[in-house]
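What the coordinates show
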Amino acid sequence: MKRSKWRLALLLMLLLPVLNGCWSQKEMEHMFYVHAIGLDYVDGQYVVYAQILNFAPLGKAEGGGKSPAGQSPAWIGKGVGTTFDTAAHNLYTTTQRYVFWGHLTAVVFSENLLRRGIGDALDMLGRFQEFRYTTWIFGTRDPLEKILTTAPILEESPVYSQLGDPRDTFYQSSFIPPIRLNKLVAALREPGRTAYIPNLTVFKDRWMDVKQKYPALSMNGVHVLKDSKSTAFFPRSELVGWRWMLQEIPRTPLEVSVNDRPAAVLICENPKIKIRPQVQANRATFRIKVGVTASIIEMIQPEQEAVLRDKAALQIEQEIRSTFNEGVESQSDIFQLGAVLHRKSPKAWKAISQNGKLPLRPDTLQSVDVTVKIVSSGKKFLDQSRKLERG
């Protein structure tokens with residue numbers, strides 16, 4: 001009996017330091033969790049917007065229930081200061097609980113700040129111990145309050161929006177790839193590389209129920225950066241050729257026309273790109289080869305498979321040249337030709353580059369060779385196309 005008491009006393013003595021160590025910890029329900037932040041520069045001062053999650057709608061969505069009436073999915077706090085840190089401390093003065101930044105998922109830069117330069121912001125994001133290097137990075141030309149208060153339909157929590165995880169929609173229909181903080185910093189620091197940030201906007205008339213229309217976030221363009229400053233903005237309509245120069249494009253549609261009429265829609269996957277630079281007389285030109293694997297997802301008018309292949313290849317070539325020419329106008333090397341030249345011929349890059357950039361001319365892109373391989377077309381069309389080719 002005495003031995004049992006001594007064992008119990010010894011166990012309590014061992015547990016006391018552990019229990020004491022937990023007394024200074026904050027309870028989970030007594031903290032504010034920041035999901036996303038917006039960074040702006042207005043009238044000579046930095047502005048920080050913090051999106052604080054309300055877990056009640058999130059819990060209901062996870063459990064399959066309906067969110068409580070009158071509860072907002074997120075709250076937005078605002079702080080102003082001469083630096084980002086002083087702006088954050090200005091935000092603290094009005095918060096009612098401890099603010100935890102360890103679950104920060106996304107950072108949205110305003111266009112004003114992108115034009116001024118985001119070097120200070122990136123320095124702050126890399127120094128504070130609670131920030132992660134895998135945070136999603138966006139830009140916007142819309143008011144930051146508008147972006148941060150737009151919640152997705154059904155789930156009602158920003159966790160399930162493109163702001164929280166843009167990969168789901170990108171894997172289903174690939175056009176503008178999202179980018180994380182570590183990838184952005186690497187692109188900004190690599191010689192010859194052109195960095196980009198996707199632009200978020202709000203569409204108001206795409207989703208609705210019987211009562212009203214609901215806003216939805218969408219990536220509708222990219223900001224091109226050099227030396228941490230935005231040098232150009234490309235809307236989605238000018239980026240049709242960019243997707244063919246990105247190997248991380250898992251699934252993108254292509255409408256193929258024959259005789260100026262839609263003939264079929266192809267789903268193209270994982271383009272394979274080869275870029276070969278040629279240097280003569282302190283000038284660099286490039287030859288590009290692109291290989292695309294495609295499947296026919298929709299047939300509008302019957303055509304031979306060979307015709308669709310040739311038309312698709314020609315259209316992809318035209319889209320690549322169109323986007324390249326848009327880049328020439330603003331001297332934006334969106335195809336990363338300068339990075340290819342720097343890796344393959346550092347001496348030529350040093351001789352040709354101007355202020356760390358590759359000078360672009362319309363004839364810088366010498367040739368574009370595109371190969372399209374259709375691997376699936378469905379039984380009905382496959383049988384019909386073979387008959388047409390035999391006949």
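Counting of residues starts from 1 at the beginning of each chain's written sequence and follows it residue by residue. Two thresholds apply to this predicted model, a pLDDT of at least 70 for residue-level local features and 80 or more for giving and counting side-chain atom pairs, whereas whole-chain, interface and lining totals are computed over all residues. Hydrogen atoms and water are omitted, and side-chain values are computed over all heavy atoms in the structure.

A few words on the nonpolar core. In a soluble, globular protein the nonpolar side chains are often hidden away together inside. The definition of a nonpolar core used throughout is a set of buried Ala, Val, Leu, Ile, Met, Phe, Trp, Tyr and Cys residues joined through side-chain atoms within 4.5 Å. Using a 1.4 Å probe on the protein chains alone, a residue whose accessible area is under 20% of its type maximum counts as buried, one over 50% counts as exposed, and one in between counts as partly exposed. Ranked by internal contacts, the top residues of the largest apolar core, which has 83 residues, are Leu39, Phe109, Ile118, Trp242 and Ile320. When residues no more than four places from it in sequence are discounted, the contact partners of Trp242 are Phe175, Ile176, Pro177, Tyr196, Val222, Thr323, Ile334 and Phe335. Grouped together as the second largest cluster of nonpolar side chains are 15 residues, Ala36, Leu148, Leu163 and Leu217 included. For this analysis, residues touch if any pair of their heavy atoms sits within 4.5 Å.

With that settled, consider the pairing of strand β9 (residues 213-226). Helix and strand definitions follow DSSP, with helices as H or I runs of at least four residues and strands as E runs of at least two, each counted in order from the N terminus. When you tally the buried positions in β9, you get 10 out of 14 residues, the bulk of the element. Summarising the sheet, strand β8 (residues 195-208) and β9 pair through 11 bridges and their orientation is antiparallel. Residue pairing across strands places Leu200 opposite Met219, the latter belonging to β9. Hairpin connection, β8 to β9: the antiparallel pair is bridged by 4 residues. For two strands to be treated as a pair, DSSP must find at least two bridges joining them. For β9 and strand β10 (residues 229-235), the ladder comprises 6 bridges, and the chain directions are antiparallel. When the bridges of β10 are listed, His223 appears paired with Phe233. Where β9 hands over to β10, the hairpin turn is made up of 2 residues, of which Asp227 adopts a positive phi near 55 degrees.

Glancing now at the sheet that holds strand β11 (residues 252-258). Each strand in a sheet pairs with another by means of backbone hydrogen bonds, the pair being arranged parallel or else antiparallel. The 4 strands are arranged β11-β12-β13-β14 in an open sheet whose pairing can be described as mixed. Only two strands of the sheet have a single neighbouring strand rather than two, namely β11 and β14 (365-376). Averaged over all adjacent pairs, the angle separating strand axes in this sheet is 40 degrees, with direction ignored. Where strand β13 (residues 283-299) lies against β14, 10 bridges are found, and the strand directions are parallel. Directly across from Thr293, in β14, lies its bridge partner Lys373. Note on geometry: axes are C-alpha line fits, over the in-contact stretch for helices, and angles between N-to-C directions span 0 to 180 degrees. Seen against the sheet, helix α9 (residues 305-330) touches β11, β12 (261-280), β13 and β14 and runs at an angle of roughly 140 degrees to β14.

Now for the layout of surface pockets. Space left empty within the atom packing is revealed by a probe, the size of a water molecule, rolled over the atoms. In this analysis the probe radius is 1.4 Å and the grid spacing 1 Å, with only protein atoms considered; a cavity is a set of points the probe fits into but cannot get out of, a pocket is an open set with protein on both sides within 12 Å along at least five of seven lines, and lining residues have an atom within 4 Å of a point. Grid points are joined across faces, edges and corners, and a volume is the space filled by probe spheres set on the points. There is about 1,100 Å³ of room inside the largest pocket. As for the largest pocket, its lining consists of 36 residues, and the residues nearest its centre are Tyr160, Ser161, Gln162, Thr169 and Leu217. Looking at which element gives the most residues to the lining of the largest pocket, the answer is β9, with 6 residues. Gly falls in the polar group here, along with every residue not listed as nonpolar (Ala, Val, Leu, Ile, Met, Phe, Trp, Tyr, Cys, Pro) or charged (Asp, Glu, Lys, Arg). In terms of residue class, the lining of the largest pocket is made up of 20 nonpolar, 11 polar and 5 charged. When its volume is computed, the second largest pocket comes out at roughly 730 Å³.

We now examine helix α5 (residues 119-127). One full turn of an α-helix is made of 3.6 residues, so residues set three or four places apart face in the same direction. Of the positions making up α5, those classed as buried are Ala121, Leu122 and Leu125. Angularly, the buried residues of α5 cover 95 degrees about the axis, an arc narrow enough to put them on a single face. More than 90 degrees from the buried face of α5, the exposed residues found are Asp120 and Arg127. The inward-facing, buried residues of α5 contact β1 (31-42), α3 (84-92), β5 (106-110) and α8 (181-189). This arc is built from the directions going out from the helix axis to the C-beta atoms.

In this section: the packing of aromatic side chains. Aromatic rings from Phe, Tyr and Trp, taking only the six-membered ring of Trp, are treated as a pair when their centres fall within 6.5 Å; an angle between ring planes under 30 degrees marks them as stacked, one over 60 as edge-to-face, and anything in between as tilted. Under the defined criterion, the tally for this structure stands at 8 aromatic pairs. A ring pair is formed by Tyr33 and Phe100, whose centres lie 5.9 Å apart and whose planes are at 75 degrees; its orientation type is edge-to-face. Here the residue Tyr33 occupies a position in strand β1, and Phe100 occupies one in strand β4 (residues 98-100), the gap between them amounting to 67 residues. Ring geometry for Phe324 against Phe335: centres 6.3 Å apart, planes inclined by 25 degrees, an arrangement best described as stacked. Of this pair, Phe324 sits in helix α9 while Phe335 sits in the loop between α9 and α10 (337-344), and the two are 11 residues apart along the sequence. Judged by relative accessible area, which is 4%, Phe324 ranks as buried. For Phe335, a relative accessible area of 4% gives the class buried. Members of the aromatic cluster, connected to one another through ring pairs, are Tyr41, Tyr46 and Phe84.

Here we take up empty space enclosed by the protein. Summed over all chains, the structure comprises 1 cavity of 30 Å³ or more. Volume-wise, the largest cavity comes out at about 100 Å³. For the largest cavity, the full set of lining residues is Gly192, Thr194, Val224, Leu225, Lys226, Thr231, Gln331, Ser332, Asp333, Gly356, Lys357 and Leu358. Ranked by residues supplied to the lining of the largest cavity, first place goes to β9 with 3 residues. Looking at the lining of the largest cavity, its residues break down into 3 nonpolar, 6 polar and 3 charged.

In short, shape yes, function no, at least from these values alone.
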